[in-house]
Amino acid sequence: MKNSAIVLLLALFLAPVAFAQDADTYNRGEVGVFVDFLRLHHAQVNQFGIGGRAGFNVHPNVQLEAEGAYDFRQSGEDTVTVGAVTSTYRADLRTTSFLFGPKFHTNGPVRVFGTLKGGILNFSVSTTAAPLGFTNTLRTIRDGDTNGVFYPAGGIEAFAGWFGFRAEAGDMMYFDRGANHNFRFTVGPQFRF
């Protein structure tokens with residue numbers, strides 16, 4: 001019983017020292033993969049996909065981070081009225097995004113962060129049975145349409161040594177005839193090196 005108490009006290013005393021060494025060992029950057037949810041408000045479509053990111057520390061509380069995501073095809077319907085004829089057609093939409101910018105975070109095994117990134121968002125639209133003039137279009141989104149993006153976001157990440165988990169939410173604003181605000185959420189594992 002006495003030995004167990006001594007071992008427990010030593011473990012409690014040495015645990016912060018062990019984590020401090022881990023923090024110094026894994027301080028160059030991070031790579032991660034994530035599951036991506038993007039709610040395209042303008043198109044009224046929910047996009048789901050996968051992505052990856054890499055970040056390199058430029059300061060103990062600042063990282064430069066790059067990421068890319070591919071959202072799988074989602075089907076939607078659009079209705080078009082030409083004269084007295086109304087047509088409804090199916091459109092499949094895929095998105096690809098690339099973002100780059102700084103991430104500002106707190107220190108410790110559990111960190112709160114904020115990020116401001118810029119980049120591009122590309123739309124891929126394919127249609128079947130669309131009326132003439134609306135081929136490869138979903139609402140005002142055209143196939144191959146690429147727009148500039150501003151992405152402010154925040155989240156939380158937790159690490160145990162080199163392995164961690166990250167959740168992030170933000171506003172994926174793309175600029176096409178004004179700013180279009182879209183909710184984005186990512187979650188997935190992170191690896192520090």
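In this text, all values refer to a predicted model and were calculated from it rather than measured experimentally. (Residues numbered from 1 in each chain as written. Predicted model: local features only at pLDDT ≥ 70, side-chain atom pairs only at ≥ 80, totals over all residues. Heavy atoms only, no water.)

Caption draft 1: The arrangement of the pairing of strand β1 (residues 29-40) in detail. Examined bridge by bridge, β1 and strand β2 (residues 45-59) share twelve bridges and lie antiparallel to one another. Within β2, the residue paired with Val-33 across the bridge is Gly-52. Here β1 folds back onto β2, and the loop between the two strands holds four residues, one of which, Gln-44, carries a positive phi near 55 degrees. In this sheet, strand β12 (residues 183-192) lies alongside β1 in antiparallel orientation, the contact comprising eight bridges. From the neighbouring strand, Val-35 faces β12, where its bridge partner is Val-187. (Pairing = 2+ DSSP bridges. Helix = DSSP H or I, 4+ residues; strand = E, 2+ residues; numbered from the N terminus.)

Caption draft 2: Summary view of the packing of aromatic side chains. Following the criterion strictly, the structure yields eight aromatic pairs and no others. Judged by centre distance (6.0 Å) and plane angle (20 degrees), the ring pair of Trp-162 and Phe-191 falls under stacked. Of this pair, Trp-162 sits in the loop between β8 (146-160) and β9 (163-171) while Phe-191 sits in strand β12, and the two are 29 residues apart along the sequence. For Trp-162, a relative accessible area of 45% gives the class partly exposed. (Phe/Tyr/Trp six-rings, centres within 6.5 Å; stacked < 30°, edge-to-face > 60°. Buried < 20%, exposed > 50% of the residue type's maximum accessible area, 1.4 Å probe, protein only.)

Caption draft 3: Main features of the nonpolar core. Core analysis: the biggest nonpolar cluster contains 13 residues, and Leu-40, Leu-121, Phe-123, Val-149, Tyr-151, Met-172 and Tyr-174 have the highest contact counts within it. When contributions to this core are tallied by element, the ones reaching two or more residues are β1, β4 (85-105), β5 (110-128) and β8. The element that contributes the greatest number of residues to this core is β8, accounting for three residues. (Core = buried A, V, L, I, M, F, W, Y, C linked by side-chain atoms within 4.5 Å.)

Caption draft 4: Here's a closer look at the confidence of the model for the protein. Confidence along the protein averages 81 in pLDDT terms, with 68% of residues attaining 70 or more. Confidence drops under pLDDT 50 across residues 12-23; counting only partners more than four residues distant or on other chains, this segment forms three contacts. (pLDDT = per-residue confidence, 0-100. Contact = heavy atoms within 4.5 Å.)

Caption draft 5: Broad picture of the environment of Lys-117. You can see Lys-117 is positioned in strand β5. It is 9.6 Å that separates the C-alpha atoms of Lys-117 and Leu-64, two residues lying 53 residues apart in sequence. Those residues within four positions of Lys-117 in sequence are excluded, and the remaining contacts are Glu-65, Glu-67, Leu-99, Phe-100, Gly-101, Val-149, Phe-150, Tyr-151 and Arg-166.

Caption draft 6: Molecular detail of the pattern of salt bridges. Summed over all chains, the structure comprises twelve salt bridges. Between Arg-53 and Glu-168 there is a salt bridge, and its shortest N-O distance comes to 3.8 Å. A residue pair is termed long-range when its members are at least 10 positions apart, and Arg-53 in strand β2 and Glu-168 in strand β9 qualify at 115 residues. What makes Glu-168 buried here is its relative accessible area of 1%. Between Lys-117 and Glu-65 there is a salt bridge, with its nearest N and O atoms 2.7 Å apart. With Lys-117 in strand β5 and Glu-65 in strand β3 (residues 62-82), this residue pair connects regions lying 52 residues apart in the sequence. A residue is classified by how much of its surface remains accessible, and Glu-65, at 1% relative accessible area, is buried. (Salt bridge = Lys/Arg side-chain N within 4 Å of Asp/Glu carboxyl O.)

Caption draft 7: Broad picture of the side chain of Ser-97. Summarising the element assignment, Ser-97 is placed in strand β4. For Ser-97, a relative accessible area of 4% gives the class buried.

Caption draft 8: Inspection of the environment of Asp-92 at higher detail. Tracing the sequence through the fold places Asp-92 in strand β4. Its relative accessible area of 9% is what places Asp-92 among the buried residues. The spatial distance from the C-alpha of Asp-92 to the C-alpha of Ser-124 is 8.0 Å, given a sequence separation of 32 residues.

Caption draft 9: The side chain of Asn-180, seen in detail. Structurally, Asn-180 is set in strand β11 (residues 179-180). Look at Asn-180 and you get buried, because its relative accessible area is 11%. The contact partners of Asn-180, leaving out residues within four places of it in the chain, are His-42, Met-172, Met-173 and Tyr-174.

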